[in-house]
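# Architecture and fold: a report
Each chain is listed here by its residues.
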Amino acid sequence: FMARIAIPIGDDFEDSELTVPRELLRDAGHEIVTVGVEAGRTVAGKRGREHVLVDARAADCDPAAFDAVVIPGGYSPDHLRTDAGVVTFLRSFGATGRTIAAVCHGPQLLIEADLVRGRTVTSWPSVRKDLVNAGAAWVDRPVVEDANLITSRKPEDLEAFCAAILRRLAGHAHDASDGAGSSADV
């Protein structure tokens, strides 16, 4: 089972929170599509080490064409939460019940898409109050899994974060065998 994974990305993303999951997911055979405000635009990591081309404008993407969404932190989620196309894509994807993983400041996008109410999550500590105010229960753990949501706190949690994503995607290999939940025909 090869998953098609959307990574919402904008300027000032946390470099390692993009590169580590992207490379591990690619190495596992999954397809990565970067989505953002404007297709064809190059965005820069906040540390200036990474530059990434946005593959597709989020507003033009069909959420049903993806198996998972992985949201890096840094300032990127704060920039993206003001774009209606990105927020609508994420809200619609959330309605599918498929895996959404967010690290560090990534949950800011989950708040904007109304995806955290009644859920247990974690994040960078400065996002805690925003998550609680949006109706989430916040805990301080390296990785938290609540139904389709996977959240982590910081770059040091990336190993546990990526392991949880890979485990979740591997679990979907069984779904493809019965024809339900397969994305092979998308």
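Residues numbered from 1 in each chain as written. Predicted model: local features only at pLDDT ≥ 70, side-chain atom pairs only at ≥ 80, totals over all residues. Heavy atoms only, no water.

### Some remarks on the packing of aromatic side chains
For the record, the criterion: Working definition: a ring pair exists when centres of Phe, Tyr or Trp rings (six-membered ring for Trp) sit within 6.5 Å. Plane angles under 30 degrees give stacked, over 60 give edge-to-face, the rest tilted. A run of H or I in DSSP counts as a helix once it spans at least four residues, and a run of E counts as a strand once it spans at least two, with each numbered from the N terminus. The classification of residues rests on relative accessible area computed with a 1.4 Å probe and restricted to protein chains. Under 20% of the type maximum is buried, over 50% is exposed, and intermediate values are partly exposed. The rule for a charge over a ring is simple: NZ of Lys or CZ of Arg within 6 Å of the ring centre, and within 35 degrees of the ring normal.
Here the structure, examined in full by the defined rule, presents two aromatic pairs. Pairing F66 with F89 gives two aromatic rings, centres 5.7 Å apart and planes at 90°, and the pair type is edge-to-face. Note that F66 is positioned in the loop between β5 (56–57) and β6 (68–71) and F89 in helix α3 (residues 84–94), a separation of 23 residues in sequence. Taken individually, F66 and F89 each receive the classification buried, so the pair is uniform in this respect. Feature note: the residues F66, F89 and F93 constitute an aromatic cluster, connected by ring pairs. Over the ring of F66 we find R4; its NZ or CZ atom is 4.6 Å from the centre of that ring. In this arrangement the basic side chain of K46 is found over the ring face of Y75, its NZ or CZ atom lying 4.8 Å from the centre.

### Regarding helix α1 (residues 15–27)
Condition: An expected span of 1.5 Å times one less than the residue number is assigned to each helix. Note on definitions: a residue-residue contact is assigned when non-hydrogen atoms from the two residues lie within 4.5 Å.
Taking 1.5 Å per residue as the helical rise, α1 with its 13 residues ought to reach 18 Å, and the 18 Å between its terminal C-alpha atoms agrees with that figure. Turning to α1, its buried residues number three or more, namely D15, E17, L18, T19, P21, R22 and L25. In this fold, the buried residues of α1 make contact with β1 (4–8), β2 (31–36), β4 (51–53), β6, β7 (99–103) and α6 (158–171). Of the residues flanking the end of α1, it is G29, one or two places downstream, whose phi is positive at about 95°.

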